[in-house]
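Chain by chain, the residues:
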Amino acid sequence: MKLNGAQIVVECLKEQGVDYLFGYPGAATINIYDELFKNREHITHILTSHEQGASHAADGYARSTGKVGVCLATSGPGATNLVTGIATAYMDSVPMVAITGNVSIPMLGKDSFQEVDIQGITFPITKHNYMVKDINILADVIREAFYIAKSGRPGPVLIDIPKDITSMTTDYIKKEPKVYDKPQTLHIPEKLVEIINKAKRPMIIAGGGVIRAGASEALMTFVDKTKSAVANTLMGIGATPYNHPMYTGNIGMHGSLTSNRLINECDLLMVIGARFSDRVVGNEHKFAKEATIVHFDVDPAEINKNVVVNEHVIGDIETILMLLNEVIAVKEVPEWVDHVSYMKKEFGHKVNYDTVNVPHVLKRIAAHCKSTDIVTTDVGQHQMWAAQHYPFMFPNRFLTSGGLGTMGYGLGAAMGAQFANKKDRVVMITGDGSFKMNFNEIITAVKHKLPIKIFIMNNNALGMVRQWQNLFYEDRFSSTDLGEDIEYIGFAKSLGAEGFVIDSVEQIDEVIKKAFSSNKVSVINCRVATESNVYPMVPPGYAIHEAIDQPDQIGK
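The text that follows walks through the structure, step by step, so that each part is easy to find. (Residues numbered from 1 in each chain as written. Predicted model: local features only at pLDDT ≥ 70, side-chain atom pairs only at ≥ 80, totals over all residues. Heavy atoms only, no water.)

Looking at the overall build of the chain
So, step 1. Of the regular secondary structure elements, the chain holds 22 helices and 20 strands.
So, step 2. Taken over C-alpha atoms, the radius of gyration comes to 24 Å for the chain, in line with the 24 Å a tight globule of 556 residues would show.
So, step 3. A principal-axis box enclosing the C-alpha atoms of the chain has dimensions of 70 × 60 × 40 Å.
So, step 4. Counting over 556 residues, the chain shows a buried share of 58%.
So, step 5. Sequence separation of 24 or more characterises 76% of the internal contacts of the chain that already satisfy a separation of 6 or more.
So, step 6. Here the chain contributes 53 positive and 61 negative side-chain charges, whose respective centroids are spaced 3 Å apart. (Helix = DSSP H or I, 4+ residues; strand = E, 2+ residues; numbered from the N terminus. Rg over C-alpha atoms; globule rule 2.2 N^0.38 Å. Buried < 20%, exposed > 50% of the residue type's maximum accessible area, 1.4 Å probe, protein only. Contact = heavy atoms within 4.5 Å. Lys, Arg positive; Asp, Glu negative; His and termini not counted. Charge placed at Lys NZ, Arg CZ, Asp CG, Glu CD.)

Points about the packing of aromatic side chains
So, step 1. A full pass over the atoms with the stated rule returns 16 aromatic pairs.
So, step 2. Between Phe392 and Phe398, the aromatic rings sit 4.7 Å apart at their centres with planes inclined by 45 degrees, giving tilted as the arrangement. Pair check on accessibility: Phe392 and Phe398 agree, each one buried.
So, step 3. Taking the centre distance of 4.8 Å and the plane angle of 65 degrees together, the rings of Phe439 and Phe491 count as edge-to-face. In this pair, Phe439 sits in the loop between helix 18 (432-438) and helix 19 (441-447) while Phe491 sits in helix 21 (residues 488-494), placing the two residues 52 residues apart along the sequence.
So, step 4. Taking relative accessible area as the criterion, Phe439 reaches 23% and is therefore assigned partly exposed.
So, step 5. Among the aromatic residues, ring-to-ring pairing joins Tyr20, Phe22, Tyr61 and Phe419 into one connected group.
So, step 6. Positioned above the aromatic ring of Phe37, the side-chain terminus of Arg40 is 4.0 Å from the ring centre.
So, step 7. In this arrangement the basic side chain of Lys178 is found over the ring face of Tyr147, its NZ or CZ atom lying 4.2 Å from the centre. (Phe/Tyr/Trp six-rings, centres within 6.5 Å; stacked < 30°, edge-to-face > 60°. Lys NZ or Arg CZ within 6 Å of the ring centre and 35° of its normal.)

Thoughts on the sheet that holds strand 12 (residues 268-272)
So, step 1. Sheet architecture is open: six strands sit in the order 11-10-9-12-13-14, paired in parallel fashion. Among the strands making up the open sheet, the edge pair consists of strand 11 (247-250) and strand 14 (311-314). Direction aside, the axes of adjacent strands within the sheet are offset by 15 degrees on average. (Pairing = 2+ DSSP bridges. Axes fitted to C-alpha atoms, helices over the stretch in contact; angles between N-to-C directions.)

Remarks on the packing of helix 3 (residues 51-65) against helix 17 (residues 409-420)
So, step 1. Closest axis-to-axis distance for the helix 3/helix 17 pair is 6 Å, and the angle between their directions is 50 degrees. As judged from the angle between their axes, helix 3 and helix 17 are oblique. Our pair here, helix 3 against helix 17, has a crossing hand that is right-handed. Two secondary-structure elements touch here, helix 3 through Gly53, His56, Ala57, Asp59, Gly60, Tyr61, Arg63, Ser64 and Thr65 and helix 17 through Tyr409, Gly412, Ala413, Gly416, Ala417 and Ala420.
So, step 2. Here the residues of the contact of helix 3 with helix 17 sort into six nonpolar, seven polar and two charged. (Parallel < 35°, antiparallel > 145°, perpendicular 65-115°, else oblique. Left-handed = near helix turned anticlockwise from the far one by under 90°. Nonpolar A, V, L, I, M, F, W, Y, C, P; charged D, E, K, R; others polar.)

A short note on the pattern of salt bridges
So, step 1. Inspection of every chain in the model, using the stated rule, returns 26 salt bridges.
So, step 2. Notably, a salt bridge pairs Lys14 with Glu11, separated by 3.1 Å at the nearest N-O pair. With a gap of three residues between them, Lys14 and Glu11 both fall in helix 1 (residues 5-15), about one helical turn apart.
So, step 3. A salt bridge links Lys175 to Asp140, with the shortest nitrogen-to-oxygen separation between them at 3.6 Å. Of the two residues, Lys175 sits in the loop between strand 8 (169-171) and helix 8 (190-198) while Asp140 sits in helix 7 (residues 138-150), which places them 35 residues apart along the sequence.
So, step 4. A relative accessible area of 40% places Asp140 in the partly exposed class.
So, step 5. Taken together, the shared-partner salt bridges in this structure form one network comprising Glu15, Asp140, Arg143 and Lys175. (Salt bridge = Lys/Arg side-chain N within 4 Å of Asp/Glu carboxyl O.)

Structure follows, in structure tokens:
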């Protein structure tokens, strides 16, 4: 049948099973929005307050479900407002399709009103991108975009569609979505099996690739068979249950002392679905010097990129682990298991329950949550404390910007997660600096009656930058002190949300209960000390096993 381009866009979204679309309309996309209106029973469009919020919502939808998130923006500033969200998804390997409108084909390259080369701008931050100049290929481009976004190492794909393409007509034939078949790793080297079986002190770093591959269950079988200590990267949090006896916590710049020190004690280090980020490795010349290093990853480009390894296997992580679980022996290394247990007790993250501080509040939030509830964060000290202290038990429950470190990510991601997971509570942990980046999306959350709980860890400062100024810049606090510049309860109420404050230990549980019993968006102002710093910390140039937990240890 004959359809115009706008109709084809919507029909292809329906083919792919898209139920939510996050966006903001404009002249270049008006034809698409007209078709969305006609198909509103099939696809729910969420009008965000800003296009960046739409991109983060699509990201949160994707991370919490494993499905492809979709966002839509008009040409020019609408398209460029998606860029930070696209880059966030790219750095963290999140499946997303971003659709942008552009000026009509005859107007391209003439500095036309709201014209921008969004394809060129996003080339370095997308897995693939397109500008569609032929109506006859539009449908197949959209189908291919969804396949690329989801397959292999996931990532964002952008489709730029000139306005006149949306009004041209061509034949459309409905097609079933192409099924992504995970690549099957055909061969596990015998040498690798021998290395694993002989190891006396095995350790695993599990990254976001484990979660993206749906491999958490296979990973835990592997951990139990090999008796490996297992640490998670920031993106890998949730791949390992927090209460597992061999889980040593997060790893890296603000990782647990247990994880960071065991790296230089293990004789076998298996890095699974992680990319040896600088925030994980620290000084690469001192990294895991006692260990044979093995890398499992779906992306060949990551092998030997940051750290040279002894062995590697390229392929789907779940497939690799399942094949290994079939051939490796059940290991018995009681001395290593006992040592890991000792290290956890001796060097695990500590919490002060006598004051209102971020780890204390996080522990109490967790006590009132179900293990399946979803937590999003922004970026900064609160994010690191959440990674350290919140007891995540399942994958896809911790949504945070790792690679790009995007302040303002959390609220959009919380909205996307809440739309996709209506039965689960969604909690957002933020700082007073990050909160101000995108708090306009409270308007969107209130409009759609999303009961998101927003905990602002309010230290009246840009805490992470201030921490570095405190430790390395002789307390020259340049542009990091924020002061009491918002009355949060009144602000929340002015937008139709509820507001609460926590400024004493006695209020913590009381306020959490009140906020959780409400079906409205709730903003909770948690007043914490400005001077609090996140420890452990790996100072610049240090190896991760040289992490400090007190400022006077710097330089020693």
